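# Residue-level structure breakdown
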Amino acid sequence: MLDKALQHAKWKQRLMMAVIAAIVVVILVPLGYVVLNKLAARQSAALFDQLNAYHTVAEPNVELSSEMLANDTSFGGNVVTKEYKDIDGYKVPWGTYTSQYTNLRWELDDRLFAQSIERRDKRFGLQQFQPGSTQKIARFYTGTKDLPNEAQTLAELPDHVGEIAVTFNRGYTYSELKRLLPKNLELRWGYLFNDTAHVSISGDVAQPRIGESPIGMALADGQSPQSQIKYWRQALSQYWTGAKNNQAYEKAMKTPPARLKFRGVMLTGTTENLAKVATAPYVSGTSVGVTVPRVPFITPTK
């Protein structure tokens, strides 16, 4: 009798433990799933925020086509970014990037910072191209002496639209830009300083040094420094990973927007009009970017 009682007690104990284990599983598994989902959602939101900061301050004349989650799970996923350039009303695919996140961290696609392949041109030396679309990259320069002036070659390319990066002989405010720049060209983006925190400044021995990772702001569609300075500075502060005592960074963060000096701009328009910029007295150098043949069913913006 005593043995049977002990066996019965042990059976009840095992049954109770099994019931407790089942209850724990029923409670903890959904709870764990919720916690993992919240952690992953927090990291994906942080990744979207960082991408937005990057788009705001570090992409000359680049627009978002789409940006969405992919392979989204409780343990992480991807954010796929598709971009294009607006070339005087012509939409040209630019690149597709895949950034990653887990429920512990996020990481931007490295190609956002090193997005060029290079070839040597007999006339202008080292040239850079965007790997995803093989479109030519319009470059800014970190100096003002003996710069290439590629825009002059656009006179040889009629019936096209294009973009050029213009490096000035000195810094100009936004109000000065509005007076200086031709009205038959579209001002798309303003170059303020170079980001040495993400990509080092490099250059060909026979070429001026190239601002590989320019920092600036969109100036298209009537956007002015005054209208976007608070939002833009928040984005720059979030994106910037260099030393906070960097002089160019501090100047951009503290200078009144009307007094910000732009070292260069991105312009779009017909190649005939862009070619005329090459001889302007305020220009130290120019670099040609994307060019597109004109078609009769798309009217250029300018």
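All values derive from a computational prediction rather than experimental measurement.

## Section: the overall build of the chain
Helices and strands together make up the secondary structure of the chain, namely 5 helices and 13 strands. Scored against the burial criterion, the 302 residues of the chain give a buried share of 47%. Pairs at least 24 apart in sequence give 70% of the contacts found in the chain among residues at least 6 apart. Surface exposure of the chain reaches about 15,900 Å², of which carbon and sulfur atoms provide 57%.

## A few points about the pairing of strand E3 (residues 90-102)
Pairing analysis gives 12 bridges linking strand E2 (residues 76-87) to E3, with the strands arranged antiparallel. Of the residues in E3, the one forming a bridge with Gly76 is Thr102. Two successive antiparallel strands, E2 and E3, enclose a turn made up of 2 residues, where Asp88 displays a positive phi of approximately 55 degrees. The sheet contact formed by E3 and strand E4 (residues 106-107) spans 2 bridges and is antiparallel. Each residue of the ladder has a partner; that of Gln100, found in E4, is Glu107. The antiparallel hairpin formed by E3 and E4 contains 3 residues in its connecting segment.

## Describing the sheet that holds strand E8 (residues 160-172)
Ordered by their spatial adjacency, 5 strands build an open sheet running E11-E9-E12-E8-E13, and the pairing between neighbours is antiparallel. Unpaired on one side and paired on the other, strand E11 (214-218) and strand E13 (283-293) mark the two borders of the sheet. The average undirected angle you get between the axes of adjacent strands in this sheet is 25 degrees. The pairing of E8 with E13 spans 8 bridges and is classified as antiparallel. Note on E13: the bridge partner recorded for Gly162 is Thr291. Here helix H3 (residues 225-239) sits on the sheet in contact with strand E9 (186-194), E11 and strand E12 (262-270), set at roughly 145 degrees to E11.

## Let's talk about the confidence of the model for the chain
A low pLDDT means the predicted coordinates there should not be read in detail. Summarising the model, the chain shows a mean pLDDT of 85, and 79% of its residues fall at 70 or more. Long-range and interchain partners of residues 200-205, a stretch whose pLDDT sits below 50, account for 13 contacts in this model, where long-range means more than four residues apart.

## Section: the sheet that holds E2
On the basis of which strands lie adjacent, the open sheet formed by 4 strands has the order E1-E2-E3-E4 and antiparallel pairing. Strands with a single pairing partner mark the edges of an open sheet, and in this sheet they are strand E1 (63-73) and E4. Taken together, the 8 bridges between E1 and E2 define a ladder with antiparallel strand orientation. From the neighbouring strand, Ala70 faces E2, where its bridge partner is Asn78.

## Observations regarding the packing of aromatic side chains
Per the stated rule, a full pass over the model turns up 7 aromatic pairs. With a centroid separation of 5.7 Å and 50 degrees between ring planes, the pair formed by Tyr54 and Tyr239 is classed as tilted. With Tyr54 in helix H1 (residues 2-57) and Tyr239 in helix H3, the pair connects residues that are 185 residues apart, well separated along the chain. A relative accessible area of 2% means that Tyr54 is categorised as buried. Given the relative accessible area of 1%, Tyr239 is considered buried.

## So, H3
Taking 1.5 Å per residue as the helical rise, H3 with its 15 residues ought to reach 21 Å, whereas the 18 Å between its terminal C-alpha atoms falls clearly short. Remark: the principal bend of H3, roughly 40 degrees, maps to Tyr231. Along H3, the residues classified as buried are Pro225, Gln228, Ile229, Trp232, Arg233, Ala235, Leu236 and Tyr239.

## Comments concerning the side chain of Glu59
Positionally, Glu59 belongs in the loop between H1 and E1. For Glu59, the residues in contact, after removing those within four places along its chain, are Tyr54, Glu83, Leu112 and Trp189.

Rules and cut-offs
- Residues numbered from 1 in each chain as written.
- Predicted model: local features only at pLDDT ≥ 70, side-chain atom pairs only at ≥ 80, totals over all residues.
- Heavy atoms only, no water.
- Helix = DSSP H or I, 4+ residues; strand = E, 2+ residues; numbered from the N terminus.
- Buried < 20%, exposed > 50% of the residue type's maximum accessible area, 1.4 Å probe, protein only.
- Contact = heavy atoms within 4.5 Å.
- Areas by Shrake-Rupley, 256 points an atom, 1.4 Å probe, with all protein chains shown as cover.
- Pairing = 2+ DSSP bridges.
- Axes fitted to C-alpha atoms, helices over the stretch in contact; angles between N-to-C directions.
- pLDDT = per-residue confidence, 0-100.
- Phe/Tyr/Trp six-rings, centres within 6.5 Å; stacked < 30°, edge-to-face > 60°.
- Expected span 1.5 Å × (residues − 1).
- Bend = angle between axes of the 7 residues up to and from the residue.

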